[in-house]
Amino acid sequence: MKKSPINLAKKTLSTGIRVLGRVQKTASVAGLSALRVAKGDTADAQLVRDAFMQMGVTYIKLGQFIASTPSIFPREYVMAFNDCLDKTPPVPYHHIQQVLKDELGERFFELDIDPVPIASASIAQVHKATLKDGRVLALKVQKPDVSAVIATDLEVLHGAFWAMEKLVPSLKAVNLAPIMAEIKQRMLAETDFLAEARHIDEFLAFLKQAGNTAVTAPSVHHDLSTKRLLVMDFLVGKSLVDDSLGLSDEKASHAMSVVLDTWFLSVIMTGQFHADLHAGNLMMLDDGQVAFLDFGLVGQIDPKSLQACFTLVQSLQNQDHLAMANAMIDIGMTKGSGVNAQVLAQDLQKFLDSVHAADPTKQTDGLNVMMMELGQIGKRHGIHFPKDFALLTKQLLYFDRFMLALDPQMELFDGERLQALKTLS
């Protein structure tokens, strides 16, 4: 439905006013943070995190990037931003309704939409809807002006990184330009729901090619989906680690095996992987299928890096320090030659000791300790991580946590997964 020039002008003016307000809010929060420092508060990670949480969408995403990139940022910042969860209060429905009308046009009136969201994050929120023919849908709706806000924030972030360099002297030695580029790429990708729709289609095509009927994903309604609106089938089920599922040990073990076999084979067959497969994105449906949800974050990796990463994690499980060191060297993660594998292995042993000393009940903290220690080792040995390596490694470590909950006796590399890995050799 074509918009009139007057309506476009009004919308452009409205967006411009909101963007100006965004800049003013950012300056206000930054000023208040500076005032807190002037009054005696320490300019520490907690202060920066509090400011980022107040400034919203882009800064929450930046906080998540800091929490998941311990090879770059200091430990205290990684731990502080571990609490920077992508869960935010929902936008009032009348704002969401306007987005839906803009994206759907007259088709908006074909839907009976529940105004109460079933989930809300910084970029979008999800509403349940029913078509006139009775089909139930999930509407992932981008919040108003998110793209404009992110674009504005990304410009302001150049100044934020400059300020962080002042607060954190160790960052001065880091080239922040590629970090900014990576953050921008990830954020823009997450605001393009058509890209997410393609990722879902590709995953469903992989399942069909592999003859896998144990796993599914919500089918996309492309005739209703746009860059700001993702319309999918509404799936009914519970989180795979929800105690109310009442899974027997045998069924829990089978479900975990299905998830791992599917994920590993998808990486090997497609070169892509779901990079955010946490408990909230794995659902056991009422018919017994396991559903993979939320394909907003998808990584890519080449076969050589993939094999080396698997070898590294397998060596980590086996506490084989020298094998870990050789895997890191083989992957081409080092700058230059002459890396002493024995010395690297000794540092990795300290890394494993720190993991074993961690409180097993604090699983998220333990995971971040792992990544932080690995990052510190990397700095000392000049290790260069390939693109998406950290995403892949962290996802494998998430699986390790899932196995503790569903089947503590299961091996990450076993059965079909081990055979699939051998095909890379």
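Please read these numbers as outputs of a predicted model, since none were measured by experiment.

Quick rundown of the packing of aromatic side chains? Include the residues and the values.
Taken as a whole and judged by the stated rule, the model has 7 aromatic pairs. Residues F203 and F292 carry aromatic rings whose centres are separated by 5.0 Å and whose planes lie at 20° to one another, so their mutual orientation is stacked. Placement of F203 in helix α8 (residues 193-210) and of F292 in strand β10 (residues 290-292) is noted, with a sequence separation of 89 residues between them. An identical accessibility class is assigned to F203 and F292; each is buried. Note on W263 and F399: the rings are 5.1 Å apart at their centroids and 75° apart in plane angle, and the pair reads as edge-to-face. Here W263 is found in helix α9 (residues 249-270), whereas its partner F399 is found in helix α14 (residues 389-406), with 136 residues between them in sequence. Ring pairing ties together the aromatic residues F203, F206, F292 and F295, which thus form one cluster. Here the basic side chain of K128 rests over the ring of F234, its NZ or CZ set 4.9 Å away from the ring centre.

Could you give an account of the sheet that holds strand β7 (residues 237-239), with specific residues and numbers?
Overall, mixed pairing links the 4 strands, which are arranged β5-β10-β9-β7 in an open sheet. In this open sheet, the two strands that pair with only one neighbour each are β5 (215-216) and β7. As defined by bridge partners, β7 adjoins strand β9 (residues 282-285) across 3 bridges and the pair is classed as antiparallel. From the neighbouring strand, G237 faces β9, where its bridge partner is L285. Each of β5, β9 and β10 touches α9; the most contacted strand, β10, lies at about 40° to it.

Please give an account of the environment of K350 that cites residues and values.
Counting through the fold element by element, K350 comes out in helix α12 (residues 341-357). Between the C-alpha atoms of K350 and I377, which are 27 residues apart in sequence, the distance is 9.7 Å.

Which residues make up the pattern of salt bridges, and what values go with them?
For the structure on display, the rule yields 6 salt bridges. The partner of E103 in a salt bridge is R228, with the nearest N and O atoms 2.9 Å apart. With E103 in helix α5 (residues 93-104) and R228 in the loop between β5 and β6 (229-233), the pair connects residues that are 125 residues apart, well separated along the chain. On the basis of relative accessibility, which here comes to 24%, the residue E103 falls in the partly exposed class.

Which residues make up the nonpolar core, and what are the values?
Within the largest apolar cluster, 78 residues are counted, with the highest numbers of intra-cluster contacts made by W263, F292 and F399. At 9 residues, α9 tops the list of elements feeding residues into this core. Excluding residues within four positions of it along the chain, F399 makes contact with M256, V259, L260, W263, L277 and L412. Of all hydrophobic cores here, the second largest spans 17 residues; its members include Y93, I96, L131 and L137.

Now, about the pairing of β9: what can you tell me, with residues and values included?
The alternating pattern of β9 places L282 and M284 and M283 and L285 on opposite faces, both of which are buried. Taken together, the 3 bridges between β9 and β10 define a ladder with antiparallel strand orientation. The residue of β10 that forms the bridge with M284 is V290. As consecutive antiparallel partners, β9 and β10 are separated by 4 residues, and within that stretch G288 has a phi angle of approximately 95°, a positive value.

For the pairing of strand β3 (residues 124-131), give the residues involved together with the corresponding values.
Across the 8 residues of β3, 6 count as buried, placing the element largely inside the fold. Bridge count between strand β1 (residues 111-113) and β3: 3 bridges; the pairing is antiparallel. Residue D112 lies in a different strand from β3, and its bridge partner there is T130. Relative to β3, strand β2 (residues 119-120) runs antiparallel, the two being bridged by 2 bridges.

So what's going on with the environment of F206? Residues and values would help.
With respect to the helices and strands, the residue F206 is situated in helix α8. Sequence-wise, F206 and S266 are 60 residues apart; in three dimensions their C-alpha atoms are separated by 6.9 Å.

Any chance you could break down α5 for me, citing the residues and the numbers?
If you check α5, its first and last C-alpha atoms are 16 Å apart, about what 12 residues at 1.5 Å a residue would give, namely 16 Å. Among all positions in α5, only Y93, I96, V99, L100 and L104 are buried. An end-on view of α5 places all buried positions within 115° of arc, on one side of the element. If you follow the buried residues of α5, they end up packed against β1, β3, β4 (136-142) and β6. Phi turns positive, to about 60°, at G105, one or two residues after α5.

If you had to explain unusual backbone geometry to someone new, which residues and values would you point to?
The backbone of D145 sits at a positive phi, close to 65°, despite the residue not being glycine. Structurally, D145 is set in the loop between β4 and α6 (146-167). A positive phi angle, near 55°, is found at D294, a position not held by glycine. One can find D294 in the loop between β10 and β11 (298-300). On the accessibility criterion, D294 (33% relative accessible area) is partly exposed.

Conventions used here
- Residues numbered from 1 in each chain as written.
- Predicted model: local features only at pLDDT ≥ 70, side-chain atom pairs only at ≥ 80, totals over all residues.
- Heavy atoms only, no water.
- Phe/Tyr/Trp six-rings, centres within 6.5 Å; stacked < 30°, edge-to-face > 60°.
- Helix = DSSP H or I, 4+ residues; strand = E, 2+ residues; numbered from the N terminus.
- Buried < 20%, exposed > 50% of the residue type's maximum accessible area, 1.4 Å probe, protein only.
- Lys NZ or Arg CZ within 6 Å of the ring centre and 35° of its normal.
- Pairing = 2+ DSSP bridges.
- Contact = heavy atoms within 4.5 Å.
- Axes fitted to C-alpha atoms, helices over the stretch in contact; angles between N-to-C directions.
- Salt bridge = Lys/Arg side-chain N within 4 Å of Asp/Glu carboxyl O.
- Core = buried A, V, L, I, M, F, W, Y, C linked by side-chain atoms within 4.5 Å.
- Expected span 1.5 Å × (residues − 1).
- Arc of directions from axis to C-beta.

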